[in-house]
Amino acid sequence: MAHPASESNHAPGTSDLVFSPSDLRLTGRQWLLALALVIPFICLAPRVWTWIERFDTGPDYRLPYALSRDYWLYERRLTRETVPSQVIVLGDSVVWGEYVRPDGTWPAFLNRTNAAGYHFVNAGVNGLFPLALEGLVDHHAPLPRGQKVLLQCNLLWMTSPQADLSSEKEEHFNHARLVPQFSPRLPCYRADATERLGAVVQRSVPFLGWVNHLQDAYFQQKSLPGWTLADDGGDPPKYPNAQRNPLAQITRQVPPAPLVDPDRGPDSPRHRSWSGQTPGRTNGTTRFEWVPLVASQQWAAFQRMVEKLRTRGADVFVVVGPFNEHLLAEDNRPAFRSRRDDIVAWLSRQQIPHAVPATLPSELYADASHPLTAGYELLAQRTVADPEFRRWLGTAPAPGPSR
Amino acid sequence: MLFHTWPFALFLLVVLPVFFALRGTRFWLPWLTAASYFFYGWWNPYYLLLVAYSTLLDYALVAFMDHCPKAGDPGEVRARSLGAGLADPLLRIAFGGSVLATAAIGALAVWGPPTLRPACAGAGLLMALMALGAWLGSRRIWLLVSLINNLALLLFFKYARFLVENLNALFTTWHWPVSLPDPAALMPFGAAYLLPVGISFFTFQSLSYTIDFYLGRGERERNLLRFATFVCFFPQLMAGPIERARNLLPQFRQFPPIQSRNFSDGASLFLAGLFKKLALANYLSVYVDRVYEHPQDQGAPALLLATLAFGWQIYFDFSGYTDMARGIARVMGFNLILNFNAPYLATSLGEFWTRWHIGLSSWFRDYVYIPLGGNRAGPWKTYRNLLITFLISGIWHGAAWTFVIWGLLHGLGVVITRELERAAFYRNHIPAALKQAAVFAFVSFTWVFFRAESLTDALLILRRIFASGWSDPHIPLLMLALIALFWAYEQLSASRFQAWIHTAPARIGTAVFMMLYLLLGSSGGGAFIYFQF
């Protein structure tokens, strides 16, 4: 500390900076050379990676649950799927199929109806909601003009101020990076400026999305150093990755969904009717604290999103539902119906083609909004039977994509 | 606002262009002051008052000091007589103001709101001392006021709770029916009792100005804005390096020359600092925190490796911050002192302290060790002075017994090895690698006290390092590889092959590697360790 040999390393008022021998010190020209190597890498790596990495999608493909936050992969998939003979089905976990296998979802059954020769692409994302879907559409959905988009409107997000993200109490929710970070203000979203700005930067820079893809796809949603320190959750924990080579993890193939998913499909214990969970239950007792549409953040986001899609030239069709009206208490149903009717009225006023399929039978719902496999099948049949939907589909596919 | 966050990037994007645009006008300095205050206020706007108060008081105190005769001046004899200061108009104003302020604040201390009384009582006593200083025209009293004020702020915000807890524990042991209140109860208007970030740094920096002026080593700064910028210059406000007025203040006298070298140097330093912080320190911290959180569950290898890893973590964290601070200042054309100079290459403990946290080390050398007598009064007094200096240095780092012991251990280490380091045999016949290893081992051993949550934990960790059996430490190979790479780089920089790392391909390669690693593998944010000091 007070070693006599120590002397001030900087003479008073001198103009030059003192460097340690180990300090990195590049000249201006060396900086230019370094940036000439790094900037092309930043610009090209995500694009080149799409040639290097295999990404197999079958007809009923949906993004695996583990890759729900991989928006770069989502964008990559939509870029590939947006052709005139495809219909992009956008929505939350109802579209994605929370309780069912990939071949038991709404888009999968729509495909089996062979409606006007179109192929329906399951572009639903687990855990999404209109405020986040708006961000997804804004930043990660490259839809060409004339692209047919089937949009699902889920009233579940207006069932309470918490679900609507309009409560004052802090809420932690999925896909926070997609919601509006500064405006409109979400009172329950309390991220600090660092997080908000980070989210804005990340969704604007494809390279960062690609890095996030590598982490999600190969490193268990962790950064590379974080992966080396990941524990197995045991007690005492083990650290299986500590001595493994991280680079060997990158298999250059997007991990597919597990062949057998114990949480989804008819054989899963979760795949049960909500009314079947309590014998004799056919009428609900649930009373939601419905948010008025004029005050709903989620509904406002949905409206903005529809307008943006149409401004971008997308051919949008909205399906309102399928909401499980059976679980509502009798005195809570009018509130639901009035909101549904207001939504339909707005869609009509905006001349947006839409359908409101009849509520499915009680036993075909798993919860408030998710159908079971048979429910999706029935929903697909009812959707295709809807005259307006048929009219919408009956229009000839738009000429080649223009971006 | 941390240097490695997006808000800071945005802040720089606004501050730098405006700063350069104001070249040739007289507004660049106010802009720098405003930017620095905004930077500090981002953390907690209320504590801006503290910085402003400290700045104003020290500025005024030096002005008053300037109006008093120096030791040896003809007027000094006059200054010893009562009321001599009142001959000077400025001191007359200071006297009148201080007397009035003492009366007003004293009244508040007696009859004011209860939450304000303790703060008013302290301020009232300080004002009374200022009135005395003005009356006597004594430079020494003005210096005393500055010392009391700065150290009292530090004492209250940093050490009061530690002192109260320990005193209350003593009173209980002695069965005294006394219990001191928690310092949070003394906060005016029930404000939160938080340690103001960087208080240890800006108070020391401000103090150095008053002490240097008193000792005749520095000039008085007449421009308040310039002085305010010196105290709160945003790159080094939170965690140093602690600057001296004679180095930094002259740099604020005119707009610095804009040179391309400033940008390339500044960017180099910033990149190196960012890499040290994000890629190295944050990564190591996850492992160290995990091991030190439950030392009782860890085996000897994990505790030993975590202790060694902490030595690197704190080095990367603090020197990374310093590099970034120096880099940002350099981009603007200002030169901050070198604060770290490859400390783990030191071949003696004394040398270690000339390479580690140089700003603080030299501060303690100049303002504690040398005033105590330094090495001028024989070996025993030198040892005493070293021990006192290191003890204070330990306390500076934090209000806990672990820091006291850490400081004492370093003091003892320097005292014990002092003669050894001077011996020709040690200097000429012991391989440098062995000496480096010994210094690193000792410093790492002391880090146990620095990092442990409590003294009990520190002792437990040391006991388990020596007594518990083998178990897999689960340290990632990537972590070891990164440390080894950095160590090799520093070794190379001090060897006869150092020219290799300064060739253009090596520099460009290093920079590209750092950028790519940061882009692809960084593990995110986390505050700097030294912010808590």
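These figures come from a predicted structure and were not determined experimentally.

Chemist: Help me out: how do you make sense of the overall build of chain A in this one?
Modeler: Across its full length, chain A carries 13 helices and five strands. Its C-alpha atoms give chain A principal-axis dimensions of about 85 × 50 × 45 Å. Counting the 403 residues in chain A, one finds 53% classified as buried. Considering only contacts in chain A between residues 6 or more positions apart, those separated by 24 or more positions represent 74%. Per element, the accessible surface of chain A, about 17,800 Å² overall, is 55% carbon and sulfur.

Chemist: Looking at this structure, I do not really get the interface of chain A and chain B. What am I missing?
Modeler: A common way to state how big an interface is: give the accessible area lost once the parts meet. Contacts between the two partners involve 54 residues from chain A, matched on the other side by 72 residues from chain B. Carbon and sulfur atoms make up 67% of the surface buried where chain A meets chain B, a total of about 5,500 Å² over both sides. Seen at the junction of chain A and chain B, the total is two salt bridges. Of the charged contacts, one joins Arg-326 of chain B and Asp-23 of chain A as a salt bridge, the two residues approaching to 3.9 Å between their closest N and O atoms. Taken together, the connections running from chain A to chain B amount to 13 residue pairs in polar contact (both at pLDDT 80 or more). Among the elements of the structure, helix H1 (28-52), helix H6 (193-204), helix H7 (206-218) and helix H8 (224-228) of chain A are those that each provide at least two residues to the side of chain A that touches chain B. In terms of residues, the side of chain A that touches chain B owes the most to one element, H1 of chain A, which gives 10 residues. Residue composition of the side of chain A that touches chain B, by class: 30 nonpolar, 19 polar and five charged.

Chemist: Sorry if this is basic, but what is going on with the packing of helix H3 (residues 48-66) of chain B against helix H9 (residues 224-232) of chain B here?
Modeler: Residue and element names in this part refer to chain B. Where H3 contacts H9, the two axes come as close as 10 Å, and the packing angle between them is 130°. On the basis of the axis angle, H3 is oblique to H9. As for how H3 packs across H9, the hand of that crossing is right-handed. For the pair formed by H3 and H9, the contact residues are Val-51, Thr-55, Leu-56, Asp-58 and Tyr-59 on the first element and Leu-224, Phe-227, Ala-228, Val-231 and Cys-232 on the second. Partitioning the contact of H3 with H9 into residue classes produces eight nonpolar, one polar and one charged.

Chemist: Would you mind going over the sheet that holds strand S5 (residues 354-355) of chain A with me for this structure?
Modeler: Within a beta sheet, neighbouring strands are joined by backbone hydrogen bonds and run either parallel or antiparallel to one another. All names here are of chain A. Pairing is parallel across the open sheet formed by five strands, whose spatial order is S2-S1-S3-S4-S5. Across the chains shown, the open sheet's two edge strands, defined by having one partner strand only, are strand S2 (119-124) and S5. Sheet topology note: the strand S3 (residues 148-153)/strand S4 (residues 315-320) ladder contains six bridges and is parallel. Each residue of the ladder has a partner; that of Gln-152, found in S4, is Val-319. Its contacts with the sheet put helix H10 (residues 297-311) on strand S1 (86-91), S3 and S4, and the angle it makes with S3 is roughly 175°.

Analysis parameters
Residues numbered from 1 in each chain as written. Chains lettered and ligands numbered in written order. Predicted model: local features only at pLDDT ≥ 70, side-chain atom pairs only at ≥ 80, totals over all residues. Heavy atoms only, no water. Helix = DSSP H or I, 4+ residues; strand = E, 2+ residues; numbered from the N terminus. Buried < 20%, exposed > 50% of the residue type's maximum accessible area, 1.4 Å probe, protein only. Contact = heavy atoms within 4.5 Å. Areas by Shrake-Rupley, 256 points an atom, 1.4 Å probe, with all protein chains shown as cover. Buried area = accessible area lost by both parts, 1.4 Å probe. Salt bridge = Lys/Arg side-chain N within 4 Å of Asp/Glu carboxyl O. Polar contact = N/O pair within 3.5 Å; in protein donor to acceptor, adjacent residues only side chain to side chain. Nonpolar A, V, L, I, M, F, W, Y, C, P; charged D, E, K, R; others polar. Axes fitted to C-alpha atoms, helices over the stretch in contact; angles between N-to-C directions. Parallel < 35°, antiparallel > 145°, perpendicular 65-115°, else oblique. Left-handed = near helix turned anticlockwise from the far one by under 90°. Pairing = 2+ DSSP bridges.

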